[in-house]
Structure formats: structure tokens, C-alpha cells
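# Report on the structure
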Amino acid sequence: MSRKLRVKLITIPWELEVPTLTLASVAAVTPEAYFDICIVDAVRERIVLDEPVDLVGISASTPRIKMAYALADYYRSQGVVVVIGGHHVTALPDEGLEHADAVVCGEGETSWRRICDQMLTNPKSISGIYKDEAPDLATLPQPRIDLMKIERYQSFYYPIIASRGCPQTCSFCFAKRMTHGYRTYPIAHVIEQIRRRPKWVRALYFVDDNLAGDIEYTRELFREMRRFKIPFGMQVRHEFSHNQDDLRLAREAGCGFISSG
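About the criteria used
Residues numbered from 1 in each chain as written. Predicted model: local features only at pLDDT ≥ 70, side-chain atom pairs only at ≥ 80, totals over all residues. Heavy atoms only, no water. Helix = DSSP H or I, 4+ residues; strand = E, 2+ residues; numbered from the N terminus. Rg over C-alpha atoms; globule rule 2.2 N^0.38 Å. Buried < 20%, exposed > 50% of the residue type's maximum accessible area, 1.4 Å probe, protein only. Contact = heavy atoms within 4.5 Å. Pairing = 2+ DSSP bridges. Right-handed = clockwise from strand over helix to strand, strands pointing away. Axes fitted to C-alpha atoms, helices over the stretch in contact; angles between N-to-C directions. Left-handed = near helix turned anticlockwise from the far one by under 90°. Nonpolar A, V, L, I, M, F, W, Y, C, P; charged D, E, K, R; others polar. Core = buried A, V, L, I, M, F, W, Y, C linked by side-chain atoms within 4.5 Å. Polar contact = N/O pair within 3.5 Å; in protein donor to acceptor, adjacent residues only side chain to side chain. Arc of directions from axis to C-beta.

A word on the overall build of the chain. Across its full length, the chain holds 9 helices and 12 strands. In terms of overall dimensions, the chain is globule-like: its C-alpha atoms have a radius of gyration of 19 Å, near the 18 Å expected for 261 residues. Judged by the C-alpha coordinates and their principal axes, the chain covers about 55 × 40 × 30 Å. The proportion of buried residues among the 261 residues of the chain is 52%. Within the chain, residue pairs in contact and separated by at least 24 positions form 73% of the contacts whose partners lie at least 6 positions apart.

Written out as C-alpha cells, the structure is:
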């Protein structure tokens, strides 16, 4: 191949405060030897439509899905291979296929690796609904936050992740459809995320659905975090508040606020 293929990953957030790590995680498993890749946050920066690109990946939830479909339709009209993922098309993949060459359901790394391989060998084979096996979190590289314009986000919401999914099955939550069960990253992986934060970051935010899904893991993580002395927020179920020792440990680790369901 005479040149690297150009990949543009577009996220269309429905909220402003907390950046997602979805596309940074997908970018991390994209082979750098064969692809030039960028991440664009459509809420915070202008999408350049006339620059050359070979493959576009779009992630959007329901509140932004019309914009996602419009972008997908445009890029396909230009002969670009388009892949869509996220909550909405995971729930309605056939609808997503009306606007994209392929729809990735749920966690995306394994499917995206396959799509990259297809892009290198036979781009026309990229088609249909992709529901591949869950990635092994212990083998995943660090999210490519360096590809995000992270300085455009608030300094109190630097995203990190320690787990995926939730062991509960609450009726109001879509986590059980988006993930392959509850799993945790190695604690060393999480600590490395914290170490890599820019100096201007004032607080972290765990984007986990339920950081306390495995309470023994969470306690060990909090003990490791005490040495950093950096504030953070997290999402947990309300039962977490029933144990005063866990609340105390969370506070010692730096927890400043909790979102609960």
C-alpha cells in the first residue's frame, strides 16, 4: 500500500460536561502502521467535510442520531465507507443500516479491528451488523486521549474508566445491552490513566456505569488512588452509601461527588 488510509472518528455528544472515551478506545486498537486517524467532537469543533477520508466512524446516542445519519448520508454520497455505533443503533441496527455501510452493536473494539482488516484487504466487504465477542480489557491499550482536543473540555471532567457494564439489570438502564457483562480493567491500567492526565486537569470523572459493581475491586482501587490526592467523581448505585467505611475510603481516595441511580 502506497499510503496510509485516512480514518475520521466523529462523536456527537448529547451532553457537554463529560467527554466520552468511546472513540479514544476504538482509535487505540486501530493499526497506526496502516491508518492515519483523527477524532472529531462535533459539539466542540467544526467538521471539515471536504478533506479526503477513506473511512468514517460515527458514534451517537438517540438525541443526536438525526445529525449522525445526515453526516453518514453525506459521506456515503462521497464514496466513503461509513460505520455507525452507539446506543441508538445498538437498539435499532436495521435503522442504522439505512444510512451506513455497517453498524457496530455494543462494545466496538473487536468489530473495529475486523473492519480495519477488511478495509486493508477488501473494503467492499464491510457491510451489515457487527456483533463481535467482547474485548479482553486486560489486553487493551490506553485510550488515545492524545487524539482528542481534551483541552476543550472542563478541567473538572477528565475521563477515566475502570470497568464496563454493571452486574445489575435495572429496567431504566441500557448498560446491559451495550456491554458484554460486568468486567474490570487491571488496576495498573487505571493508575496509568491517572498518571497520563495533563497537568491542567483539576479533577477526574469515572465514566463507568457503576464503579462499585465489584466492591472489593473498588476498595483496592481507592486505596491505590489515595497517593494521588486528586478529586474525582463517579457513578454508583445508591446502596454504596449504606456502608460508611466505603464512603470514608472513597473520600480519602479523592471522591468529591457521586451520581447515583
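Moving on, there is more to tell.
For the rest of this paragraph, the subject is the pairing of strand β11 (residues 232–236). The element β11 is largely enclosed, with a buried count of 4 among its 5 residues. Note: strand β10 (residues 204–206) against β11, 2 bridges, orientation parallel. Among the inter-strand pairings, Y205 is bridged to a residue of β11, identified as G233. In the classification by handedness, the crossover that spans β10, the intervening helix α8 (residues 215–225) and the parallel β11 is right-handed.

What follows concerns the sheet that holds strand β7 (residues 158–160). Taken together, the 4 strands give an open sheet; going across it, the order is β7-β10-β11-β12, and neighbouring strands pair in parallel fashion. Sheet topology places β7 and β12 (255–260) at the edges, where each strand pairs with a single neighbour. Geometrically, the sheet is characterised by an average inter-axis angle of 25° between neighbouring strands, direction not taken into account. Two strands pair when backbone bridges link them, and β7 and β10 are joined in this way by 3 bridges, in the parallel orientation. Counterpart to Y158 in the pairing with β10 is L204.

As a further point, take the packing of helix α7 (residues 187–195) against α8. Between two packed helices, both the angle of their axes relative to each other and the distance between the axes serve to describe the pair. Running from N to C, α7 and α8 cross one another at 40°; their axes reach a closest spacing of 11 Å. In this structure, α7 crosses over α8, and the sense of that crossing is right-handed. Residues I187, V190, I191 and I194 of α7 touch α8, and the partners they reach there are Y217, E220, L221, E224 and M225. A per-class count over the contact of α7 with α8 returns 7 nonpolar, no polar and 2 charged.

Turning our attention to the sheet that holds strand β3 (residues 55–60). Spatial strand order, β2-β1-β3-β4-β5-β6: 6 strands in an open sheet with parallel pairing. Every other strand in the sheet has two partners, leaving β2 (35–41) and β6 (128–130) as the edge strands with one partner each. Each strand of the sheet is rotated relative to its neighbour by a mean of 20°, with strand direction disregarded.

Our next topic: the nonpolar core. In terms of nonpolar packing, the biggest core is built from 58 residues, with W112, F206, L221, F222, M225 and M234 touching the most fellow members. When neighbours within four sequence positions are excluded, M234 is seen to be in contact with Y205, F206, L211, F222, F240, A250, C255, F257, I258 and S259. Grouped together as the second largest cluster of nonpolar side chains are 22 residues, A42, I58, V82 and A100 included.

It is worth spelling out the side chain of E107 at this point. Relative to the helices and strands, E107 is located in the loop between β5 (102–104) and α5 (109–121). Look at E107 and you get buried, because its relative accessible area is 7%. There is a polar contact of 2.7 Å between the side chain of E107 and the side chain of R164. For E107, the side chain forms a polar contact with the main-chain nitrogen of H180, separated by 2.9 Å.

Moving on to helix α9 (residues 244–253). If you check which residues of α9 are buried, you get D246, L249, A250 and A253. The buried side chains of α9 occupy one side of the element, clustering within an arc of 100° when seen end-on. Contacts made by the buried residues of α9 are with α8, β11 and β12. Between the side-chain oxygen of the N-cap and the backbone nitrogen of D245 there are 2.9 Å, and the N-cap of α9 in question is N243.

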